[in-house]
Amino acid sequence: MKPSDFQKTIQCQFDCKIKRVVKGIVRNYRKELKRRRNKEISYYELPEIVVEKLAVWDEYESDYTAFDVCGIEVRVLDDNLAEAIKYLSEKDREILLMYFFLGMSDTEIGDRLKINRSTSFRSRKNSLEEIKKKLKENMNDE
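In this text, all values refer to a predicted model and were calculated from it rather than measured experimentally.

J.: Please explain a nonpolar patch on the surface as it appears in this structure.
T.: On the surface, Phe14, Ile18, Val22 and Val26 cluster together into a nonpolar patch covering about 340 Å² of accessible area. With respect to the helices, strands and loops of the structure, isoleucine 18 is situated in helix H1 (residues 5-39).

This is the structure in C-alpha cells:
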C-alpha cells in the first residue's frame, strides 16, 4: 500500500525534526567537550607543588615522637632531633617547642610560663646550643 501525500508530508516533517534534534545534541556535546578542554588540566600538566598537595600520607605513631606542649601535641619526625630534645629539661623543652612549633614569641612564652622575655630568649638560645652539641655527637658516633 502506497502512503498518501499527507503521510509523506508527516514523515518528512518528522525526519526534519529528528535531524534538528540530533544536530542540536551533537552541537551541545561538542560545546561541552570544548568547555572541558578549556577548563580541565591533565594530571601530568599540573605543577609538582599542586600534585604534592593532593597526596595523602599515612602517619603512624612509630614515624614521629610526640611532645605535649600547652595541651597541644607537637610531632617531631626526625628521630635524632627528637632524642636531642628529650635531653633538655622540661622547661627548656617547652620553651623551644613553643617557639619553633607553636610559633609563639618570647613575650608570649614569658607570659604563659610566668617568666621574663629575656629568660625565655636565653633559655631557647642555650637549648639550641645543647641540641647542636647532641646532634654532632650522634653524627660522630655513626
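J.: How should the nonpolar core be read in this particular structure?
T.: Ranked by size, the top nonpolar core spans 15 residues in total, and within it Phe67, Ile85, Leu97 and Ile131 carry the most contacts. For this core, the secondary-structure elements that each account for two or more residues are strand S1 (65-69), strand S2 (72-76), helix H3 (79-86) and helix H4 (90-100). The biggest single contributor to this core is H4, with four residues. Leaving out residues up to four positions away in the same chain, leucine 97 has contacts with Phe67, Val69, Val74, Ile85 and Leu102.

J.: Would you explain the pairing of S1 in this entry?
T.: Alternating residues of S1 divide into Thr65, Phe67 and Val69, all buried, and Ala66 and Asp68, none buried. Direction of pairing for S1 relative to S2: antiparallel, over a ladder of five bridges. Looking at the pairing, alanine 66 lines up with arginine 75 of S2. Here S1 hands over to S2 after two residues, with cysteine 70 in that stretch at a positive phi of 55°.

Basis of the calculations
Residues numbered from 1 in each chain as written. Predicted model: local features only at pLDDT ≥ 70, side-chain atom pairs only at ≥ 80, totals over all residues. Heavy atoms only, no water. Patch = residues over 30% accessible without salt bridge, like charges linked within 9 Å, V, L, I, M, F, W, Y side chains within 5 Å. Areas by Shrake-Rupley, 256 points an atom, 1.4 Å probe, with all protein chains shown as cover. Salt bridge = Lys/Arg side-chain N within 4 Å of Asp/Glu carboxyl O. Helix = DSSP H or I, 4+ residues; strand = E, 2+ residues; numbered from the N terminus. Core = buried A, V, L, I, M, F, W, Y, C linked by side-chain atoms within 4.5 Å. Buried < 20%, exposed > 50% of the residue type's maximum accessible area, 1.4 Å probe, protein only. Contact = heavy atoms within 4.5 Å. Pairing = 2+ DSSP bridges.

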